[in-house]
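Spelled out from the first residue to the last, the chains are:
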Amino acid sequence: AQPPSSAPCAIMSQVVFATNSSLSFVAGLARWVSPPAEPEAASAEPAAAAADGEAAAAPTAPAAAPEVQPSEYELECVALEAKGEFKQLGERLIAALKERLSSAPQGEVEVAYTLLLQLLLKWQLLEGSLLQLANELASSIDDRPLLRRKVLLTLFSVINQHDFVELRFPLLTLLLSFCARAGCLEELLGGSAKRVATVEGWIQSWKLSDAQKKELWGLVFDAHVDDAAATYENAMKYLPLHAAADLTSDEKLRERLVRAALVTLRSPGLPTCDKLAQLPVVAALASDKQYAPLSRLLNIFAREMYSSYMAFHAEEAAQAFMTEHGLHHAACERKMRLLSLTSLCVTHKELTYAAVAEALKVEADQVEHWVVEAISAGLIAAKMDQVRSTVVVSSCLEREFGKEQFGRLRTSLDQWGTSVQGLLKVVLESKTGP
């Protein structure tokens, strides 16, 4: 409830301020927390009628407004301020604002917390109180989560403004965890287009340790488990921070690695996984008794052909593993056919329908369907010559990039350079001709 209109402290335009010098900010905040009782209006005496038909006397001046009686809570806070007992006063105000967080108008709560932060700064108590405040605000996502996020972001802004270096990282991880649980990460990370740059900015400007980098990227990874593209992108930031030996000692790392691999294999929108498969910590999964089949499958999807996948799937243990982890054979089969066609296009500028049918294990009349699918998925750029039953390749996605692929790139660049030199020679000869 707001203070009565006669009180010397008011909340206007969502700003708490003192309207006279006799009321401090502490008194104003305490009065907002515990407003005084409404004073009873003084009774007015009826004016005496004029005697013998004479005109009525002039009206008397209005009675003075009754004096506001502060609440016991306000008096206690003012007394603590006067005695300089700021630590106890700060604790009382923090506890009181926590109680009003759920019930007071949201705009007023924001202002009250802003004023509290300024008072704690003035008393040099904010550094010691900030994590307590933050933990209380982040304790629930069911009660006004957007308001809590807003106040937490205000705390985060304050510690950056005042360079509380030791508090930055703990508050960031708390804020990130809260926003992930509340489903409101956009304002903190800036959306998918800015997420990586935002996190990298913190890492570089704060000079985070290796352990802090792992913790931060791990939290970012966990916050985007429902987004396949973000999961892969975050995994490629988080997993390279770990050595292969970490896999046996860090269960959380193992869980995240498995999740990243499964999401990558399941997602039609993630066609390549060679970079993921090449990471030392991912390669170490091959020695994991429980997840060795996942390592094998990841390598098949990274660089092998459809026939390798079918050989893997023929094993009873492989089928059981795929069923247990939600890897549907039909979806994996489709993805591997598209990836195998892509690999064929990497090494051949022209492909006969028969060669495609043999590699994909389909009938010849299904080849055009799979070529169209690969073009639609952005894996290849090609045209079909139906007269010659040939696929003419313009360009295609590289499933992997190692020594062999680098050699092909170098050869292509050499050929391009030779062609350019030939064209320049023709141009020069045409200029010097008769």
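Residues numbered from 1 in each chain as written. Predicted model: local features only at pLDDT ≥ 70, side-chain atom pairs only at ≥ 80, totals over all residues. Heavy atoms only, no water.

A. Geometry of the overall build of the chain. Helices and strands together make up the secondary structure of the chain, namely 22 helices and 5 strands. Evaluated residue by residue, the chain yields a buried proportion of 41% over its 434 residues. Here the chain displays about 23,800 Å² of accessible surface, and carbon together with sulfur accounts for 54% of that area. (Helix = DSSP H or I, 4+ residues; strand = E, 2+ residues; numbered from the N terminus. Buried < 20%, exposed > 50% of the residue type's maximum accessible area, 1.4 Å probe, protein only. Areas by Shrake-Rupley, 256 points an atom, 1.4 Å probe, with all protein chains shown as cover.)

B. Local environment of the state of the cysteines. What the rule picks out here adds up to 0 disulfides. No disulfide involves Cys 345; its nearest neighbouring cysteine sulfur is the one of Cys 396, lying 5.7 Å away. Relative accessible area serves as the criterion here: at 26%, Cys 396 is assigned to the partly exposed category. (Disulfide = S-S within 2.5 Å.)

C. Region of the structure containing the side chain of Thr 231. Within the element layout of this structure, Thr 231 appears in helix H11 (residues 228-238). In this structure Thr 231 touches Phe 221, His 224, Val 225, Ala 260 and Val 263, once residues within four positions along its chain are discounted. (Contact = heavy atoms within 4.5 Å.)

D. Structural detail: unusual backbone geometry. In this model, Gln 124 sits at a positive phi of 60°, which is unusual for a non-glycine residue. Position of Gln 124 among the secondary structure elements: in the loop between helix H4 (106-122) and helix H5 (126-137). Phi is positive for Ser 389, close to 50°, though the residue is something other than glycine. Checked against the element boundaries, Ser 389 lands in the loop between strand S4 (380-385) and strand S5 (390-396). Its relative accessible area of 31% is what places Ser 389 among the partly exposed residues.

E. Molecular detail of the sheet that holds S4. The antiparallel open sheet is built from 3 strands, whose spatial order is S3-S5-S4. Here the strands that pair on one side only, and so sit at the sheet edges, are strand S3 (350-352) and S4. Here the average twist between neighbouring strands, direction ignored, is 25°. In the sheet, S4 pairs with S5 via 6 bridges, with the strands oriented antiparallel. Counterpart to Ala 381 in the pairing with S5 is Ser 395. Of the strands in this sheet, S3, S4 and S5 are in contact with helix H19 (residues 329-347), which crosses S5 at around 85°. Against the sheet, helix H20 (residues 353-360) engages S3, S4 and S5, with an angle of about 75° to S3. (Pairing = 2+ DSSP bridges. Axes fitted to C-alpha atoms, helices over the stretch in contact; angles between N-to-C directions.)

F. Focus on the environment of Leu 298. With respect to the helices and strands, Leu 298 occurs in helix H16 (residues 292-303). A relative accessible area of 2% means that Leu 298 is categorised as buried. The spacing of Leu 298 and Ala 261 is 37 residues in sequence and 7.0 Å in space, taken between C-alpha atoms. Leu 298 has contacts with Ala 261, Leu 265, Cys 273, Leu 276, Ala 277 and Val 282, leaving out every residue within four places of it along the chain.

G. The arrangement of the environment of Glu 215 in detail. Inspection of the secondary structure puts Glu 215 in helix H10 (residues 210-222). We classify Glu 215 as partly exposed; its relative accessible area is 40%. Apart from residues lying up to four places away in sequence, Glu 215 is in contact with Phe 169 and Thr 173.

H. Examining the confidence of the model for the chain more closely. For the chain, the mean per-residue pLDDT works out to 86, and 84% of the residues sit at or above 70. Mean pLDDT per element in the chain: strand S1 (residues 9-12) is the minimum at 39, and helix H17 (residues 306-313) is the maximum at 98. Within the model, the stretch residues 1-20 combines pLDDT values under 50 with 38 contacts to residues more than four positions away or in other chains. (pLDDT = per-residue confidence, 0-100.)

I. Just the packing of H4 against helix H6 (residues 145-161), in detail. Orientation of H4 relative to H6, taken along the N-to-C sense of each, is 25°, at an axis distance of 10 Å. The orientation of H4 relative to H6 falls into the category roughly parallel. Here H4 runs over H6; the crossing is right-handed. For the pair H4 and H6, the contacting residues are Gln 106, Val 109, Glu 110, Tyr 113, Leu 117 and Leu 121 in the first and Leu 147, Lys 150, Val 151, Thr 154, Leu 155 and Val 158 in the second. Looking at the contact of H4 with H6 residue by residue, the classes come out as 8 nonpolar, 2 polar and 2 charged. (Parallel < 35°, antiparallel > 145°, perpendicular 65-115°, else oblique. Left-handed = near helix turned anticlockwise from the far one by under 90°. Nonpolar A, V, L, I, M, F, W, Y, C, P; charged D, E, K, R; others polar.)

J. The arrangement of the pattern of salt bridges in detail. Summed over the entire model, instances satisfying the criterion amount to 22 salt bridges. Between Glu 200 and Lys 237 there is a salt bridge whose closest N-O contact spans 3.1 Å. In this pair, Glu 200 sits in helix H9 (residues 195-206) while Lys 237 sits in helix H11, placing the two residues 37 residues apart along the sequence. The salt bridge partner of Glu 358 is Lys 361, with a shortest N-O separation of 3.0 Å. With a relative accessible area of 53%, Glu 358 lands in the exposed category. Beyond isolated ion pairs, a larger network of salt bridges with shared partners links Asp 222, Arg 256 and Arg 259. (Salt bridge = Lys/Arg side-chain N within 4 Å of Asp/Glu carboxyl O.)

K. View of the pairing of S5. Across 3 bridges, S3 lies against S5 in antiparallel orientation. Within S5, the residue paired with Leu 351 across the bridge is Val 391. Linkage of S4 to S5, two consecutive antiparallel strands, is achieved through a turn of 4 residues, within which Ser 389 is found at a positive phi near 50°.

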